[in-house]
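# Report on the structure
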There are 2 protein chains.
Amino acid sequence: MMKKIAILGCGTVGSGVAEVFYKNRTSIEQKAGCQLDIKYIYVRRPHPELPWQDKLCTDFDTIANDPEVHIVVEVMGGIEPAYRFVKTCLQNKKSIATANKELIACKGAELLAIAKQNHVNILFEASVGGGIPIIRPLHQCLGANEIDDIQGILNGTTNFILTKMIRNGMSFQQALDKASELGYAEADPSADVDGIDACRKICILASLAYGKHIYPEYVHCEGITHLTPQDVEYAKDWGGVIKLIAKATRCPQTRKISIEVAPMLVADESQLSTVDDVFNGILVTGDATGDVLFYGKGAGKLPTASSVISDVIDCAKSADTIDTLYWEDCTAQESASIIENWELLPVQSYLRLQLADRCQLEKIREIFSLPVLLARKNQPENEIAFVTPYFSPEQLNGILENLKKEGISLLGKIRLL
Amino acid sequence: MMKKIAILGCGTVGSGVAEVFYKNRTSIEQKAGCQLDIKYIYVRRPHPELPWQDKLCTDFDTIANDPEVHIVVEVMGGIEPAYRFVKTCLQNKKSIATANKELIACKGAELLAIAKQNHVNILFEASVGGGIPIIRPLHQCLGANEIDDIQGILNGTTNFILTKMIRNGMSFQQALDKASELGYAEADPSADVDGIDACRKICILASLAYGKHIYPEYVHCEGITHLTPQDVEYAKDWGGVIKLIAKATRCPQTRKISIEVAPMLVADESQLSTVDDVFNGILVTGDATGDVLFYGKGAGKLPTASSVISDVIDCAKSADTIDTLYWEDCTAQESASIIENWELLPVQSYLRLQLADRCQLEKIREIFSLPVLLARKNQPENEIAFVTPYFSPEQLNGILENLKKEGISLLGKIRLL
């Protein structure tokens, strides 16, 4: 039996999907257990420069109503019209393979439920970690585990910028310019550098691991725009690097989830400290398996296409909804009751302070239990940096406000992983 | 419907499987989509000290002939009686989840064929990489890829020994003693230190990736017993570490497979260079996805049990044989035609030589195209070390034999990854 595929969107990932499909078609069909072909590629307007002219289609309804189409690949990105298209396809009993993290992070629970009602699938391996297998390992290979913790470097653009700051001593702006030049940063880089992209991805992983939809709007999210080369130098003296970490942990006592995205000091001993450049790394801790790291290219045409096609194969093979890939919706009220308030969770932080006067050092030593002072080259006399004992963000902010009154100002603050 | 499980063997892994199963039973049953329970635990003789006395059974035939048993976990290790038991169970239409790498490396093709004939499964996620998901990602998540290359640190014992040699300057024997003391090495450590265990594992991965059974006896396999602290020091000066690497690559032109197990110099830039202690790391290169690294605990009670149970879940869920997990048998003659002769493949090597006389250095420079000399502390005057240009092992051995005639003797030889 021949199953037909439609691809919605023909940008980088869409054309990559077509390319990889035709390159490895024989082995893909063998793995899918049936013949496969691409029937349509949906584009908003005609693109005479594209190959596959016979497949281009500007009318979504033609695709939605074609009973020959079994599997729809959604690689348009963004919420609309992707959301409307995906919903319609699922209702018309077509399975979806999507790379759209925004769509899954915002509408995942609803779409998974619609897929289940219609006995089809919505799969999204490519939405997190690009070419790295992570969604399937999480719900399938680690199925015997309770997931205790997920820590990830989930955004390649910010990881590239931080790597440049660490290795080449660049400022944030210089490193961002370099990333733009190489095509690693978008014209508007805010979704990356403000941590929003990483936040969507950790929400998807946490929803899958903990069974409840975790919406990005309830997650504390900090970006990397305020980081300086000075912070990078102090981090090195401490024995680590600064990475944008997305993290979700289930508290064994309360069963609540603590989840956040923020730049963090990562010790050199952590496997995440050597995840550099545009690579992604995801460290999953299961109660039986311990730490498992998944590492690879978190973005790019062919890696992402590779993940999308692994989903296409599964869509083709599955006679019904894959029921381990599922989570329930979660109201705002429920969210408040299952997500820990990060402001109350004690963490250690790196602080960089500007003293008004060197004799204030005694006071600092007292408040922060005699911290070891960190050093950097050309350190101004009244600048100090150190790692605090455990404080909740709320407590620490209170302390910092009091210090400000005495003329001690905050230059940098980064929590420890 | 309730599906019953039998566990063959109640050593470390067997008791781990029972422990993890009862701990996470609710979520395991949810993922399996049915109720599950352990009915038998096969032991060769009574073990009054074990819990689960009501399940212990010393008669294999009782298990083999019980129609209630759907899934059999084989964690006895070794070929016999595991092979006979597994074959009987498959023929009696029971699915198998096994951690037995020796069994799969030697009898995989035959057992996979028997499973297929009987519409059941033989799954072996735990046979490679312990708790790291690698078998399923390889045939499923990376299904859109042609696998170009697999490089792995697949044996925790040897990796622990090498880490001790690198970090603490221990000799091989001191590090082996330490491993034995900590329970990381068996009473007879030869299967580990001679590379045999790693060889079985790379054969399983290569068979799966390339579709033909690669038998260990046709694979070049070197151990780590001859490595010295001096080699470790020179490797550091070169900019890397020595690791026991198992490697399988498909040559794009000939479609032949080059496969071997040997200690290799791994550059500090490689993700494998930081896989330390008892951890395993497997770097898979797909034509679309690029490099993907899987990292975690390669052995141990709970990690291995976690992988076995992920297979139990899949056995419970699958109505028929999973057909992507399959390879064909391969005769000795076919093996010769698909496996490259490693003696003819050019590689770069690190050499450590003892000169009879310092003036022989000129000759060495000439033969090896002016290599950069490596240095170590307390280096004897007539000892030199360097990295050669590309030579096949056959060529290089010829050169070394000629040098021997002139009184230049070989102290160390390690290929580069």
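Everything here concerns the structure above.
Since the structure is predicted, the reported quantities are computational estimates derived from the model, not experimental observations.

### What about the sheet that holds strand 2 (residues 35-42) of chain B?
Residue and element names in this part refer to chain B. In space, the six strands of this open sheet follow the order 3-2-1-4-5-6, with parallel pairing throughout. Each edge of the open sheet carries a strand with a single partner, namely strand 3 (56-57) and strand 6 (122-123). In terms of strand pairing, strand 2 meets strand 3 through two bridges, oriented parallel. Residue pairing across strands places Ile41 opposite Leu56, the latter belonging to strand 3. Contacts from helix 2 (residues 25-32) reach strand 1 (2-8) and strand 2 within the one sheet, and its direction differs from that of strand 2 by about 110°.

### Observations concerning the side chain of Thr98(B)
Relative to the elements of secondary structure, Thr98(B) occurs in strand 5 (residues 95-98). Judged by its relative accessible area of 0%, Thr98(B) is buried.

### Considering the pattern of salt bridges
For the coordinates displayed, the defined rule picks out 58 salt bridges over all chains. We note a salt bridge from Asp276(A) to Lys243(A), for which the minimum N-O separation is 2.9 Å. Of this pair, Asp276(A) sits in the loop between strand 10 (257-267) and strand 11 (279-286) while Lys243(A) sits in strand 9 (residues 240-250); the two residues are 33 residues apart in sequence, bridging distant segments of the chain. Residue class for Lys243(A) comes out buried when judged on its relative accessible area of 0%. Between Lys212(B) and Glu328(B) there is a salt bridge, and its shortest N-O distance comes to 3.4 Å. Residue Lys212(B) is located in the loop between helix 10 (196-210) and strand 8 (220-221), and its partner Glu328(B) is located in the loop between helix 12 (301-317) and helix 13 (332-338); the two are separated by 116 residues in the primary sequence.

### A short note on the side chain of Glu260(B)
Residues and elements named next belong to chain B. If you trace the backbone, Glu260 turns up in strand 10 (residues 257-267). Take Glu260: its relative accessible area is 11%, and that puts it in the buried class. Sequence-distant contacts of Glu260, that is, excluding residues within four places in its chain, are made with Val219, His220, Ile245, Ala246, Lys247, Trp342 and Arg415.

### Looking at the interface of chain A and chain B
Listed as interface residues are 41 residues of chain A and, on the opposing side, 40 residues of chain B. Summing both partners gives a buried area of about 3600 Å² for chain A against chain B, and 51% of it is carried by carbon and sulfur. Considering only the side of chain A, the residues that lose the most area to chain B are Cys141(A), Ala144(A) and Tyr295(A), jointly responsible for 16% of the buried surface there. The interface formed by chain A and chain B holds two salt bridges in total. Note that Lys23(B) and Asp287(A) form a salt bridge whose closest N and O atoms lie 2.6 Å from each other. Inspection of the region where chain A meets chain B yields 20 residue pairs in polar contact (both at pLDDT 80 or more). Only helix 1 (12-23), helix 2 (25-32), helix 6 (135-141), strand 12 (290-297) and helix 12 (301-317) of chain A provide two or more residues apiece to the side of chain A that touches chain B. For the side of chain A that touches chain B, the per-class residue count stands at 17 nonpolar, 15 polar and nine charged.

### Focus: the relation of the copies chain A and chain B
Superposing chain A onto chain B takes a rotation of 180° combined with a translation of 0.0 Å along the rotation axis, leaving an RMSD of 0.0 Å. Within this description, the copies of the chain are treated as partners about a two-fold rotation axis. For chain A, the smallest separation between a C-alpha atom and the rotation axis is recorded for Phe294(A), amounting to 2.5 Å. When you check the interface residues of chain A against chain B, 98% turn up at the interface there too, and the contact is symmetric in its surfaces.

### Some words on the packing of aromatic side chains
Residue and element names in this part refer to chain A. Taken as a whole, this structure holds 20 aromatic pairs over all chains when the rule is applied. A centroid spacing of 5.7 Å and a plane angle of 70° characterise the contact between Phe124 and Trp327, whose relative ring orientation is edge-to-face. On the criterion of sequence distance, the pair formed by Phe124 in the loop between strand 6 (122-123) and helix 6 and Trp327 in the loop between helix 12 and helix 13 (332-338) is long-range, its members being 203 residues apart. For the residue pair Phe124 and Trp327, the accessibility class agrees, reading buried in each case.

### Here we look at the pairing of strand 11 of chain A
Residue and element names in this part refer to chain A. Where burial is concerned, most of strand 11 is hidden: eight out of the eight residues are buried. Judged by which residues are buried, strand 11 turns out to be covered on both faces: Phe279, Gly281, Leu283 and Thr285 on one side and Asn280, Ile282, Val284 and Gly286 on the other are all buried. A loop of three residues connects strand 11 with strand 12, the two strands running antiparallel in sequence.

### Some thoughts on helix 4 (residues 82-91) of chain A
Residues and elements named next belong to chain A. Buried within helix 4 are the following residues: Ala82, Tyr83, Phe85, Val86, Cys89 and Leu90. Buried positions in helix 4, seen along its axis, are confined to an arc of 165° and lie on one side of it. Downstream of helix 4 by one or two residues, Lys93 has phi in the positive range, about 65°.

### As for the environment of Leu396(B)
All names here are of chain B. Following the sequence through the fold, Leu396 ends up in helix 15 (residues 393-405). When its relative accessible area of 4% is taken as the criterion, Leu396 is described as buried. In this structure the C-alpha to C-alpha distance between Leu396 and Ile166, which are 230 residues apart in sequence, comes to 27 Å. If near-sequence neighbours (up to four positions away) are discounted, Leu396 is found in contact with Ser349, Leu351, Phe368, Phe391 and Lys413.

### Let's talk about unusual backbone geometry
Residues and elements named next belong to chain A. Geometrically, the link from Glu80 to Pro81 is a cis peptide bond, its omega value of 5° lying close to zero. Turning to its location among the elements, Pro81 is positioned in the loop between strand 4 (69-74) and helix 4. The phi angle at His119 is positive, at roughly 55°, despite the residue not being glycine. Structurally, the position occupied by His119 is in the loop between helix 5 (101-117) and strand 6.

Cut-offs applied
- Residues numbered from 1 in each chain as written.
- Chains lettered and ligands numbered in written order.
- Predicted model: local features only at pLDDT ≥ 70, side-chain atom pairs only at ≥ 80, totals over all residues.
- Heavy atoms only, no water.
- Pairing = 2+ DSSP bridges.
- Helix = DSSP H or I, 4+ residues; strand = E, 2+ residues; numbered from the N terminus.
- Contact = heavy atoms within 4.5 Å.
- Axes fitted to C-alpha atoms, helices over the stretch in contact; angles between N-to-C directions.
- Buried < 20%, exposed > 50% of the residue type's maximum accessible area, 1.4 Å probe, protein only.
- Salt bridge = Lys/Arg side-chain N within 4 Å of Asp/Glu carboxyl O.
- Buried area = accessible area lost by both parts, 1.4 Å probe.
- Polar contact = N/O pair within 3.5 Å; in protein donor to acceptor, adjacent residues only side chain to side chain.
- Nonpolar A, V, L, I, M, F, W, Y, C, P; charged D, E, K, R; others polar.
- Least-squares fit on C-alpha atoms with pLDDT ≥ 70 in both.
- Phe/Tyr/Trp six-rings, centres within 6.5 Å; stacked < 30°, edge-to-face > 60°.
- Arc of directions from axis to C-beta.

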